[in-house]
Amino acid sequence: MILDYIPIILVLIVAAIFGFAVVFSSEIFGPSRPNKVKTMSYESGKDPVGTTHERISVKYYLVAMLFIIFDIEVIYVYPWAVEFKNLFSTYGIFAFLPMLFFLVVLELGFLYILMKGGLKWD
Amino acid sequence: MSESLLINLSIIILFLPLAGFIKVVLFGKKFPKLYLLEVAIISIAFALSVFVMYSKLAYYNTKDIIGAFTWISTGNAPFSDVLNIELGIKIDNVTVIMLFVVNLISMLVHIYSIEYMRGDKRYTRYFSYLGIFTFSMLGIVLTHNLLMMYIFWELVGLSSYLLIGFWFEKKSAADAAKKAFIVNRIGDIGMFIGILILFTSYKTFTFDTIFAQIAAGNLPFGSSAWLTAAGILVFMGAVGKSAQFPLHVWLPDAMEGPTPVSALIHAATMVAAGVYLVTRIFVMLTADAMLVIAVVGAFTSLIAATIALTQNDIKKVLAYSTVSQLGYMIMSLGVGAYVFAFFHLVTHAFFKACLFLGSGSVIHSMHHEQDIRNMGGLKKKMPVTYWTFLISTIAISGVPLTSGFLSKDGILAGTLAFGKLTGHWLIPIIGFTVAALTAFYMFRLVILTFHGEPRDHHKFDHAHESPLVMIAPLAVLATLSIFIFYTPNPLSPDAGWFMSSWVKTPEQVTPVDTRFDFLKPSAENIHGGHHGEIVHSVLYTETMHWAHYPAMILSLVVAGLGILTAFMFYQWKKINVDKLIENKFTNALYRGSLNKWKIDEAYDATAINGTLQTGSGLSWFDQKIVDGAVNGSARLTRIVSKISGWFDTYAVDGFVNFTAFFSGFIGLSFRKLQTGKVQTYIVLVVFSVIILLLFFKPF
Amino acid sequence: MPSTINEYFQLMPFLIIGIGIILSVVIEISSKSSKEILPWFSIILFFATALYSITNISEHAVLFGGMVEVGGKPAIFNFIFNLGAMLVVMSSIGYLKKYGTYFGEYYILIQSSVLGMMVMAGSKDILMIFLGLELMSICFYVLAGINRNKLGANEAAMKYFLLGSFTTGFIVYGIALIYGTTGTTSIQNLIDNFGEYSSNIIFVTGLILFLIGFSFKIAAVPFHMWVPDVYQGSATTVTGLMSTTGKTAAFSVLIIMLTSIFTLNSANIFKPYFSAIAVLSMFFGSIVAISQNNLKRMLAYSSISHAGYMAVGLAAANSYSISGIIFYLAAYAFMNIGAFSVISIIEGENDSRTDINVYAGLNSKNPVLAAFMALFMFALAGIPPMAGFFGKYYVFVGAIESNLTWLAILGVISSMISVYFYLRVIVFMYFKDAEENFEIEVAPYSLSSVVISGVLVLMFGLFPDMLLRLITAVVSL
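Since the structure is predicted, the reported quantities are computational estimates derived from the model, not experimental observations. (Residues numbered from 1 in each chain as written. Chains lettered and ligands numbered in written order. Predicted model: local features only at pLDDT ≥ 70, side-chain atom pairs only at ≥ 80, totals over all residues.)

(A) Region of interest: the overall build of chain B. The secondary structure content of chain B amounts to 26 helices and 2 strands. When contacts within chain B are restricted to residue pairs at least 6 apart in sequence, long-range pairs at least 24 apart make up 79% of them. (Helix = DSSP H or I, 4+ residues; strand = E, 2+ residues; numbered from the N terminus. Contact = placed C-beta atoms within 7 Å.)

Encoded structure:
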C-alpha cells in the first residue's frame, strides 16, 4: 500500500528540491555586494516612509470575504453548468430548482449586506 | 358515543370541582361573587354526569370502561422486579350511579348553602371547601386502583376535617374536626397495611389485575388466611370512614359542622365511601372476612339505633340514624346481598340528605335551636319542610311505596336467607329489631319537632318557612324517595331497572373453598351466565324466594309497631314516658342510651388516658433516668474529653488541616490550569489527546 | 435515485426553519421595527417545528439517497432543539434591551444555529454532520460575542472560536481517516460493516479523533477548558442556548453515529474512553462547582458534570441507557434553560448581579422567581419528583445493565457532591437576608419562559413515562 504513495512522495521531494534550488542558488552562485540603497525595501523607486506594518481599513476584509462568497458560488455553479444537460435528462426540473434556490439565498445574503450598508465606503 | 368520550367526560367531571376550588381559593377574596361560579361548575358537572350515566347504562350496560396510563415504570431496574404503577379510572354501572348521586346531592347542597350560609364571614371559602370535597369524593368513585383510592380517601378526610371545623372559633367544632381526623386515621392505617399486603403480593394497585391474580389462584403469601386478613384490613378503612363500631364516635360529633355539610358529607357521600370501598373489594372477600363484616355492621346498626332513641339534638338523632343505616349496608354486604347494599346506599343518600337539609331548614328558622324539646308544632309554620321531612321519614322507616321500603326489605330478606343458609340467626334478628327501632325514633323526631303544641313560644313566633333555594332541594330529594324512580312495582324491587339490569352481584374471585356455600358457582350453571356476574346456586335463589314474603311481612309489622309506639308515646300520650323512665330497669337502659353507652368515656379512660399516661411516663423516664445518666456521663466525658482534646489537637486537626491544605492545593492547581489563555488550553487539549490515545489505544 | 417532491415534503421541519430564516432576513432588511417582529416570528417558527416534530415521530424515513433521516430519534431531538430555542427567545426579549444588543440579527443567528443542530441530529452521512456542526458552531461563535462593546463577550467569542476551530480540525481529520479507510461517508455503511473495519488501526484512530472533537462539543473533561470562560462571558440567554441545545446536538451525533453501532454489535470498544471522560467530568464538574461564587460559572461546571453523567450512558451503550440519555437531555435542556432564564431576569446592566450573594433573600423580594429557581435547582440536583432524577436514574440503570455498576456508583457519589452547590443557591434564596437592595424587573415573556420550563420539568418528573415511551419506541430505529 505504501508503494502507491511513492509517486506523491517523489513529487514532494522534487518540489522541495526545486524550491530550495531557486531560492538558494542565487544566494550561493550570485555575487553579494550590499549597500544602503540595495537593502532598502522597494517602494516603486521612492524612499519609504513610516513603518512597514500599515493598518488597513476593515472594509478591505469585508470585500475580501464577499469575494469568497462569490468564489464559492462559482465553484458550485460551474460544474453544475457543465453537467446540466445530463442532470436535466435524469432529474428533470429538479436539476434546476435546487440551484435556483441556492442562488436566491446567496443573492439574498448579498442584498442583506447592501441594505445594511456593508459596502458603503465611509 | 365512544368509550374514550365517556372517559374524557368523566375526567372533566372529576376536575371541574377542583378547578372551582382553585379559582375560589386564588381569587375568592377579590371577587366575593365567585361562589356563584362554584355553583355553576357543580351544576355543569352534574349535567355531564347525567349524560355519562345515561350513555353508560344505555350503550355499555354490560361493559366496564377503563381508561388508564402507566404513571411510573421502573423498567427492568436491578434488584427489583418490573414495577408498573398505573393510574386510571374505571367506569362501570356502580360508578356512574355513584357519580350521579354524588353530583346531584353536591349540587343541591351548593344551592341550599347559598341561603343557609349567607352572611358567614368565610362565605366563599366555604364553597371552595365544598368544591375540593366533591373533587375528592368523585376521585374515590372513579378510581380503578387502590393507590388513587387511598390518595382520594385521605383527601376526603382532609376536606371533611376542614368542613367540620369550618367554624373553628367554636372549640367544640375544632375538637370535633380533630376527633374525626384522628379516628379516621386509625381506620386508614389498617387500610394502608391491607393495600400494602396486596401490593407486595401482586406488584400492582389496580383492582382488576389484583382480582385476576386471585382468581388465578395466586394468593397473597400463598395462603387464604392472608387474603382474609387483607380483606379485613382494607375494610378497616371503611370502618373509619363509614363510622362503624368501634370507630363510629366521630360522626355524631361531626355535626358541629354546618348542616348542609352534614347532609353532603356525613349522610350521603363521604360516609358512603366506606360502603363503596367494600363493594369494590367485595369480590376478594373470603367467607371469614364477610362474616366479620356482617357482624360489625349488625352490631353497629343495633348500637346506633339504641342510642338514637333518646337523643334530644335533632342532628344527633339523624347522625346516629346514619350510623345505624350504614351498619345496615355493611351488614348487607357481609351477608352477600351486594345489590341491596348498593341500592340502599343510593336510596339512603337521597332521603337522609333530605332529612338533614330539612333539619337545617328547621334550625335556620329557629335561630340555631337544635334541641327538639324546645320545638313542636312547626308543621303549621313550615309546611314544605314538614312534608318533605315526613316523606323521608316514611322512607327511612321502610313503609311501602317508598324507596326505603324496597331497599330495606331487600336487605332484610338477604339477612333472613343468610340466617337460614348458615345458621347465623342473630343477624336477621338484629336486622328486624333495628328496623323497628328506626321507625320508632324517626317518628319520635317528627312528632316532637313538628306536631303538638309549640314548647318555646318565643322562638316559635319567629319561625318561618325557609326561602325557595332552600326548600327546592328538599322537594327534589323527597321526590326521589318515592318508589317509582326505581321500580314499577311498589312491593318488589326485582322488577325494577335498578335491580334487573343495572347492578349485578359480581362473581367472587376467592378460592371456591373459602367462599360461603351459597356463593359458590352452582354446579349446573358453572359454564353459563354472563361473565363477571354471579350465577347463584339453586339453593340460594330458592332461599331468597322463600325469604321474600316473610321478610316483607315481618318488616311491615315491625315498622308499623315502631311507628305505632312512637305515636302512643309522643302524639297521643297514652303512655307516660317520664314515668317509664323512673322505673328502675328502664331507667338504666335509658341512661345508657342517653350517654351513648359511655363509649366516648371508655375511650377517654383507656386509649386517650393511656396515651397521656404513656407520655408522662416517658417524660418521667426522660427526666429521671436519662438525665441522670447524662449527668453521670458528663463527668466521664470530661475525662475523655481531655484525652480526646489532646488527640484532637495533634491527630485530628493535623488531618483536617491536611485535608484543607490538600483540597486547597487541588483547587489551586485547577485554578492554575484555568488560566484564561487560549494557548494554555490548546496545549492541555493536545496533552489530553496524547494521553487518551496512549491509554486507550485500540490497537 | 432521483429526489421526488415527496422527499421535500418529508423535510418539513428543515423547510420551516430554512424558509423562516430567509423570511427573517427579508424582514430584517425591509422593516425598521424588525427587532420587535423577529422574536415573535421566531417563537412561532420554533413552536411550529417543535409541534410538527413531536407529532410526526412515527414518520420515520431516510431521504436523499441515505443522507438525511427524518422522524424517529431526529424528531425527538428536533423537538428539544426547537422548544428550547423558543424558550430562549422568549427570555431574550426582555434581556437583550438590558444587555445592550437589541438587534434583529440575534434571532436570525439563533434560527440558523437551530437549523444546524437539526441537520446534525438528522444526518445519516458524516459530511452532513460536519455541515450541521459548522453551521451551528459559527452561529454560536457570533452569538457569544454578539455585543462587540463588551470585553468579556469578545474574549469569550474569540476563545470559543479558536478552541472550537482547533477541535473541528480533529473532527475533520477523523472524518478524513474514516473516509480514507472505508471509501464512504455513509453512517449506515459504518454500522453495517463495523466488524470488518474495526480491525483497521487507521479507521479506529479516525473514530477516536472524531470522538475527541465531539468530547469538546459536549464539554467533557479534559476538553472542557473553554466552558467556564465562554459561559460566563457570553450573554446569559446565549449561554442558556449553548449549554442545552448545543450539548444536545453534540450528543445526538454521538448517539446516531456510535451507539447505534454498539447496540447492534455487542462490543463497545470505546467503553474505556467514555468511562474515563465520564468519571473525570462528573467529579471535576461537581468538585470545582462547589467553590464558584458566580452563578453562571457554577452552572458551567454543573454542565460539565452533567455531560459526565450522560457519558456514563454512552459507555453503557445499550438501548436502555440511550433512551436514558435522550430523556436526560430533554430534562436537562428545560431545567437549565429555566435556570438561565431566572438568572437573566435577575441580572442587571453591565453583567452585574450574577453572583450568588445577590440571590440572598430572593424569596422575600420575588417569591415566584425564588420558587421556580428552587425547582430548577432541585431538578438539576436530581431530587425525585423533578425530571432530573429520572434522567439520571435511567442512565445509571443502563450502566448497571452493561455491567458498569462501579460507574453508576461513582455517578451517585458525584451527584451527592453536586447537591451541595445546588442547595447552596436555595439556602441563599430562602435562609439569608438580602445584602443589597435592587429592583427586579420581571418581563412577562421572560417569566412565561421560566414558567413553561418549570411546568415541563415537573411534567417530565411526574409523568416520565409519557416522554420515555416515545423515546423507547424510536431508539432502536
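(B) A look at the overall build of chain C. Per the secondary structure count, chain C includes 21 helices and 2 strands. Within the span of chain C, comprising 477 residues, buried residues form 63% of the whole. Across chain C, the fraction of contacts at a sequence separation of at least 24, relative to all contacts at a separation of at least 6, is 80%. (Buried ≥ 20, exposed ≤ 12 C-beta atoms within 10 Å, placed from the backbone.)

(C) A look at the environment of Gly132 of chain C. Residue and element names in this part refer to chain C. When you line up the elements, Gly132 lands in helix α6 (residues 126-144). Here Gly132 falls in the buried class, since 23 other C-beta atoms lie within 10 Å of it. Sequence separation of Gly132 and Gly122 is 10 residues, and the distance between their C-alpha atoms is 9.3 Å. Once residues within four sequence positions are removed from consideration, Gly132 is found in contact with Gly116, Met117, Val119, Met120 and Ser123.

(D) Molecular detail of unusual backbone geometry. Between Phe245 of chain B and the following residue, Pro246 of chain B, the backbone shows a cis peptide bond with an omega angle of 5°. Structurally, the position occupied by Pro246 of chain B is in the loop between α8 (224-241) and α9 (250-253). That bond from Val221 of chain C to Pro222 of chain C is cis: its omega, 5°, falls within 30 degrees of zero. Mapped onto the secondary structure, Pro222 of chain C falls in the loop between α10 (201-217) and α11 (226-233).

(E) Looking closely at the environment of Ile91 of chain B. Relative to the assigned elements, Ile91 of chain B resides in strand β2 (residues 84-91). Sequence spacing of Ile91 of chain B and Glu3 of chain B is 88 residues, and the spatial spacing of their C-alpha atoms is 9.7 Å.

(F) Here's a closer look at the confidence of the model for chain C. Chain-level pLDDT for chain C is 88 on average; 97% of the residues reach the 70-or-more range. What the predictor reports for the complex is a pTM of 0.58 with an ipTM of 0.77. (pLDDT = per-residue confidence, 0-100.)

(G) Main features of the interface of chain B and chain C. Taken residue by residue, the interface counts 23 residues in chain B and 24 residues in chain C. Listed by contribution, the elements that provide at least two residues to the side of chain B that touches chain C are β1 (65-73), α25 (599-673) and α26 (678-695) of chain B. The leading source of residues in the side of chain B that touches chain C is α26 of chain B, at 9 residues. Classifying every residue of the side of chain B that touches chain C gives 16 nonpolar, 7 polar and no charged. (Nonpolar A, V, L, I, M, F, W, Y, C, P; charged D, E, K, R; others polar.)

(H) Layout of helix α16 (residues 383-397) of chain B. Residues and elements named next belong to chain B. The terminal C-alpha atoms of α16, which comprises 15 residues, lie 21 Å apart, in line with the 21 Å expected from a rise of 1.5 Å per residue. Among the 15 residues of α16, 11 are classified as buried, and the element is accordingly described as predominantly covered. All of the buried residues along α16 are Thr385, Tyr386, Thr388, Phe389, Ile391, Ser392, Thr393, Ile394, Ala395, Ile396 and Ser397. Just downstream of α16 lies Gly398, where phi reads positive at about 85°. (Expected span 1.5 Å × (residues − 1).)

(I) Spatial organisation of the interface of chain A and chain C. The interface of chain A with chain C comprises 8 residues on the first partner and 5 residues on the second. Within the residue set of the side of chain A that touches chain C, elements represented by two or more residues are α3 (58-91) and α4 (97-115) of chain A.

(J) Representation of the confidence of the model for chain B in the model. In the predicted model, chain B carries a mean pLDDT of 79, and the fraction of residues at 70 or more is 89%. Of all helices and strands in chain B, the one with the weakest mean pLDDT is helix α21 (residues 497-502) of chain B (67), whereas helix α5 (residues 146-164) of chain B scores best (88).

(K) Examining the packing of helix α14 (residues 295-316) of chain C against helix α19 (residues 405-431) of chain C more closely. Residues and elements named next belong to chain C. The contact between α14 and α19 brings their axes to 11 Å, and the two run at 165°. Relative to α19, the element α14 lies roughly antiparallel. By crossing handedness, the relation of α14 to α19 is classed as left-handed. Contacts between α14 and α19 involve Met298, Ser302, Ser305, Tyr309, Val312 and Ala315 from the former and Leu407, Gly411, Ser414, Ser418 and Phe421 from the latter. Its residues placed into classes, the contact of α14 with α19 shows 6 nonpolar, 5 polar and no charged. (Axes fitted to C-alpha atoms, helices over the stretch in contact; angles between N-to-C directions. Parallel < 35°, antiparallel > 145°, perpendicular 65-115°, else oblique. Left-handed = near helix turned anticlockwise from the far one by under 90°.)

(L) Inspection of the nonpolar core at higher detail. Among the nonpolar cores identified, the biggest contains 204 residues, and Ile105, Val275, Val278, Ala341 and Ala353 of chain B are the most heavily contacted of them. With 17 residues, helix α14 (residues 338-365) of chain B is the largest single contributor of residues to this core. Excluding anything up to four places from it in sequence, Val278 of chain B contacts Phe235, Ala238, Ile293, Ile330 and Leu333 of chain B. Ile93, Tyr95, Ile208 and Phe428 of chain C belong to the second largest nonpolar core, which has 194 residues in total. (Core = buried A, V, L, I, M, F, W, Y, C linked by C-beta atoms within 7 Å.)

(M) Broad picture of the packing of α8 of chain B against helix α12 (residues 287-308) of chain B. Residue and element names in this part refer to chain B. With their axes 9 Å apart at the nearest point, α8 and α12 run at an angle of 25° to one another. When the axis of α8 is compared with that of α12, the two are roughly parallel. As for the relative orientation of α8 and α12, their crossing is right-handed in sense. Of the residues in α12, those touching α8 at Thr228, Gly231, Ile232, Phe235 and Val239 are Asp288, Ala289, Val292, Ile293 and Val296. The residue makeup of the contact of α8 with α12, split by class, is 7 nonpolar, 2 polar and 1 charged.

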